[in-house]
There are 2 protein chains.
Amino acid sequence: MEISTEDKILLAAKEVFTQKGYAAARMQEIADAAGINKGLLHYYFKNKEKLFLSVFHDALDNFIPRVNQVLEADLSLEEKIAGFIGEYMEVLIKNPHLPAFVLGEMNQHPQEFTRSILSRKELPNPMKLMMQLQMEADAGRIRSVSPLHLWMNIVSMCVLPFAARPMFQAVMGINDAQYWDFMRSRKKEVTDFILHAIRNENN
Amino acid sequence: MEISTEDKILLAAKEVFTQKGYAAARMQEIADAAGINKGLLHYYFKNKEKLFLSVFHDALDNFIPRVNQVLEADLSLEEKIAGFIGEYMEVLIKNPHLPAFVLGEMNQHPQEFTRSILSRKELPNPMKLMMQLQMEADAGRIRSVSPLHLWMNIVSMCVLPFAARPMFQAVMGINDAQYWDFMRSRKKEVTDFILHAIRNENN
DNA sequence: GTCTATAGGTAGATAGAC
DNA sequence: GTCTATCTACCTATAGAC
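Residues numbered from 1 in each chain as written. Chains lettered and ligands numbered in written order. Predicted model: local features only at pLDDT ≥ 70, side-chain atom pairs only at ≥ 80, totals over all residues. Heavy atoms only, no water.

Novice: What am I meant to see in the protein's contact with DNA strand D here?
Specialist: Near DNA strand D, the surroundings consist of 14 residues, among which Lys38 and Lys48 of chain A together with Asn37, Tyr43 and Tyr44 of chain B are the closest. Among atoms of DNA strand D positioned within 4 Å of the protein, sugar and phosphate together represent 67%. Methionine 27 of chain A places a main-chain nitrogen or oxygen 3.2 Å from a phosphate oxygen of DNA strand D. Contact between DNA strand D and asparagine 37 of chain B: a phosphate oxygen at 2.6 Å from a side-chain N or O atom of the residue. For the surface near DNA strand D, the secondary structure elements donating two or more residues are α3 (38–44) of chain A together with α3 (38–44) of chain B. If one sorts the elements of the surface near DNA strand D by residue count, α3 of chain B sits on top with 4 residues. (Near = heavy atom within 4 Å. Polar contact = N/O pair within 3.5 Å; in protein donor to acceptor, adjacent residues only side chain to side chain. Helix = DSSP H or I, 4+ residues; strand = E, 2+ residues; numbered from the N terminus.)

Novice: Can you help me understand the pattern of salt bridges in this one?
Specialist: Pairs can form between side chains of opposite charge whenever their charged atoms are close. All names here are of chain A. For the coordinates displayed, the defined rule picks out 20 salt bridges over all chains. The salt bridge involving glutamate 90 is made with lysine 94; its shortest N-O contact spans 3.9 Å. Taken together, the residues span about one helical turn, with glutamate 90 and lysine 94 both in helix α5 (residues 77–94) at a distance of 4 residues. (Salt bridge = Lys/Arg side-chain N within 4 Å of Asp/Glu carboxyl O.)

Novice: I'm lost on the interface of chain B and chain A in this one. Help?
Specialist: How big an interface is tends to be stated in terms of the accessible area lost upon association of its parts. Residue-level contacts link 57 residues of chain B with 57 residues of chain A. For the interface between chain B and chain A, the tally reads 0 salt bridges. Those elements that place two or more of their residues in the side of chain B that touches chain A are α1 (5–24), α6 (98–108), α7 (110–118), α8 (127–138), α9 (147–163), α10 (165–172) and α12 (186–198) of chain B. If you tally residues by element for the side of chain B that touches chain A, the top one is α9 of chain B, at 14 residues. In terms of residue class, the side of chain B that touches chain A is built from 39 nonpolar, 11 polar and 7 charged. (Contact = heavy atoms within 4.5 Å. Nonpolar A, V, L, I, M, F, W, Y, C, P; charged D, E, K, R; others polar.)

Novice: Even after reading the chapter, I still don't get the nonpolar core, so can you show me in this structure?
Specialist: Nonpolar side chains tend toward joint burial in soluble globular proteins. With 147 residues, the main nonpolar core has Leu51 and Phe84 of chain A together with Leu51 and Phe84 of chain B as its most contacted residues. If we ignore the near neighbours within four places in the chain, the residues touching leucine 51 of chain A are Ile9, Leu10, Ala13, Phe17, Met27, Ile30, Leu41 and Phe45 of chain A. (Core = buried A, V, L, I, M, F, W, Y, C linked by side-chain atoms within 4.5 Å. Buried < 20%, exposed > 50% of the residue type's maximum accessible area, 1.4 Å probe, protein only.)

Below, the structure written as structure tokens:
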């Protein structure tokens, strides 16, 4: 079972684009990484932009459905928060360059990104989680917090440590092994942190 | 009191570099934005990389001392956390493109970034805050939490909402005014969130 | 489908007049 | 200090043989 030329290209392109960004990526380098030549690259993907969009959308399509599955599941609030953080960080541990890549590119082309993301089949959908938060707060089972801020807080704590890795390691003086130890311990740490933050003080 | 040509260039370069990134930025566009021509650009800054580094380091030098001043001040834990978040977000509100720019560039050139940041006069210095956290936890005045994780949590909640703005607005369907309302309300919201998360349950 | 060779355009950098 | 003109290199994309 061979790996098709198209998949070899997509794999190589993912590597180069995520590490260098669209503008600095070179078609030659992608061809080299895929073990083919530039001509063949244009045979499969008419131009650089089309190849980039394939990589970019593949990344989102692998990501969004997985977290949505947790967000839309029939789980208690605590289970859902723990499940979301676990799933989200699991995907990022396997794709550690994804956050900086997506953040960088979408800020360099915000209007194209917005058009493009809104036309996708699936968007991140935190609505059910936010409704649950509101209900639990109304029922007095958790502290009353802004669902939108809480959602932003959860995503921030999951995503930023990947994107800020070079600064974090430099400032803290930690090596790669220590970084990954820290990241692995984060799933539980962030979950506990959030559950404590929304605990009702009257319990 | 005129603005010097060099400052006009730096200002224009900051705009173009922070929005397009190093690789996609064009010397021609910077020259146009500064109201001069390409030749003069090379007269003041020998090449593109030197111009970029001036912008990049100016950004960090404007940023790091301001937050360090709070981090190293003689304040109670609660005041320090509130002060840090307030100062950090205040700077970012005035430079909203900075986070995605810095995150993107440092991930595209991690080794150069690491060399460069370590040779700067001043690094972000959360040590005193982290010692305070440890002491308060040992004294039982706050819940025992990992200082390193807490530090990462605070920074994450401050920084990511700027870098993730296009995704956030698209997914939530909110306009620019609503986005800025949200961001302005975040200083207090994040501070409260953290203070609740580290509250000691036995109080 | 896969390759080589090259066209065509663009951008960083320099030379030199004023 | 500031400008115009130009050189040189590189990179995307295409043409065309196999």
